[in-house]
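# Examining the three-dimensional arrangement
These are the residues of each chain, in order.
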Amino acid sequence: MEARELKRAKTLIYVASIAVPLVVAVLLVVPPIQNDAFKILPPIYATINGLTAVLLVAALVLVKQKKIEAHKKVIQVCLVLSLLFLACYVAYHMTSESTSMPDSVSYKPVYLIILLTHILLSIVVIPLVLFTYLFAWQGDFERHKKWTKFTWPIWFYVAVSGVVVFLMISPYYT
């Protein structure tokens, strides 16, 4: 990869790492454009998260088995699923009020801890995933391996906790 291409890729990673959390934050303060057609999205994006988690495990198994081409393809599917998740999440929150859990629910403190860690780590994971992927794309596998030790568990946690958060809040969707 040429220096110019590398600089452009890094710039895109920085922009995405800032823009995505900003867009999501804006969705929390801007009133939604009510559209009931999008109310079907939470179980869809929870399923996308679950599939991503399963595929991340598959990617880990494949790389340990030295099936590098299969590993690459599975990771690329995980990236596409993450983009699809983001599109569904943004579409839902542009068109629907956020769902809140009643204070009387006994497991609400646990839910809030999982939700908070999910949100914070979903912000952190964006540049981690993108840089880890960039290093592999460059052929810098030493760096890729080092970053993967942090990226994989965080990405996996975000995917799994997304499903858990959905399951915990889903009885309160209107």
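Just so it is clear, the model here is predicted, and its values are computed rather than measured.

### Description of the overall build of the protein chain
- Of the regular secondary structure elements, the protein chain holds 5 helices and 0 strands.
- Ordered by position from N to C terminus, the α and β elements of the protein chain give α-α-α-α-α.
- The C-alpha atoms of the protein chain give 17 Å as radius of gyration, which agrees with the globular expectation for 174 residues (16 Å, within 12%).
- Summarising its shape, the C-alpha atoms of the protein chain cover approximately 50 × 35 × 30 Å along the three principal directions.
- Buried residues in the protein chain amount to 34% of all 174 residues.
- Sequence-distant contacts, at least 24 apart, represent 81% of the contacts inside the protein chain between residues at least 6 apart.
- A total of about 10800 Å² of accessible surface is found on the protein chain, and carbon and sulfur atoms cover 72% of it.

### Description of a nonpolar patch on the surface
- Nonpolar side chains collect at one region of the surface, where V26, L28, V29 and V30 lie side by side and expose about 390 Å² of accessible area between them.
- Along the chain, V30 falls in the loop between α1 (3-29) and α2 (41-64).

### Some remarks on α1
- In this model, α1 (27 residues) spans 40 Å end to end at C-alpha, consistent with the 39 Å of a helix rising 1.5 Å per residue.
- Among all positions in α1, only L6, A9, I13, S17 and L27 are buried.
- Taken together, the buried residues of α1 touch α3 (68-95) and α4 (108-138).

### Regarding α4
- Over its 31 residues, α4 runs 44 Å from end to end, which matches the ideal 45 Å to within 8%, given 1.5 Å per residue.
- At V125, α4 is deflected by roughly 30°, the largest bend along its length, and proline P127 occurs up to four residues later in sequence.
- Along α4, the positions that sit buried rather than exposed are K108, Y111, I114, H118, V125, I126, L128, V129, F131, T132, L134 and F135.
- On its buried face, α4 sits against α1, α3 and α5 (141-169).
- A positive backbone phi angle near 85° is found at G139, which sits one or two residues after α4.

### A word on the packing of aromatic side chains
- Summed over the entire model, instances satisfying the criterion amount to 12 aromatic pairs.
- Plain terms: the ring middles of Y45 and Y92 are 6.2 Å apart, the flat faces sit at 65° to each other, and that makes the pair edge-to-face. Taken together, the positions of Y45 in helix α2 and Y92 in helix α3 put the pair 47 residues apart, joining distant regions of the chain.

### Notes on the pattern of salt bridges
- Taken as a whole and assessed by the stated rule, the structure comprises 2 salt bridges.
- E69 serves as the salt-bridge partner of K72, at 3.2 Å between the closest nitrogen and oxygen. Of the two residues, K72 and E69 are both situated in helix α3; the distance of 3 residues between them amounts to about one turn of the helix.
- D103 is the salt-bridge partner of K108, the closest N and O atoms lying 2.7 Å from each other.
- Its relative accessible area of 15% is what places K108 among the buried residues.
- Judged by its relative accessible area of 68%, D103 is exposed.

### Overview of a positive patch on the surface
- Judged by side-chain charge, K64, K66, K145, K146 and K149 come together as a positively charged surface patch.
- Among the elements that line the positive patch, the one with the most residues is α5, at 3 residues.
- With respect to the helices and strands, the residue K64 is situated in helix α2.
- Here K64 falls in the exposed class, since its relative accessible area comes to 63%.

Each value, and the rule that gives it
Residues numbered from 1 in each chain as written. Predicted model: local features only at pLDDT ≥ 70, side-chain atom pairs only at ≥ 80, totals over all residues. Heavy atoms only, no water. Helix = DSSP H or I, 4+ residues; strand = E, 2+ residues; numbered from the N terminus. Rg over C-alpha atoms; globule rule 2.2 N^0.38 Å. Buried < 20%, exposed > 50% of the residue type's maximum accessible area, 1.4 Å probe, protein only. Contact = heavy atoms within 4.5 Å. Areas by Shrake-Rupley, 256 points an atom, 1.4 Å probe, with all protein chains shown as cover. Patch = residues over 30% accessible without salt bridge, like charges linked within 9 Å, V, L, I, M, F, W, Y side chains within 5 Å. Salt bridge = Lys/Arg side-chain N within 4 Å of Asp/Glu carboxyl O. Expected span 1.5 Å × (residues − 1). Bend = angle between axes of the 7 residues up to and from the residue. Phe/Tyr/Trp six-rings, centres within 6.5 Å; stacked < 30°, edge-to-face > 60°. Lys, Arg positive; Asp, Glu negative; His and termini not counted. Charge placed at Lys NZ, Arg CZ, Asp CG, Glu CD.

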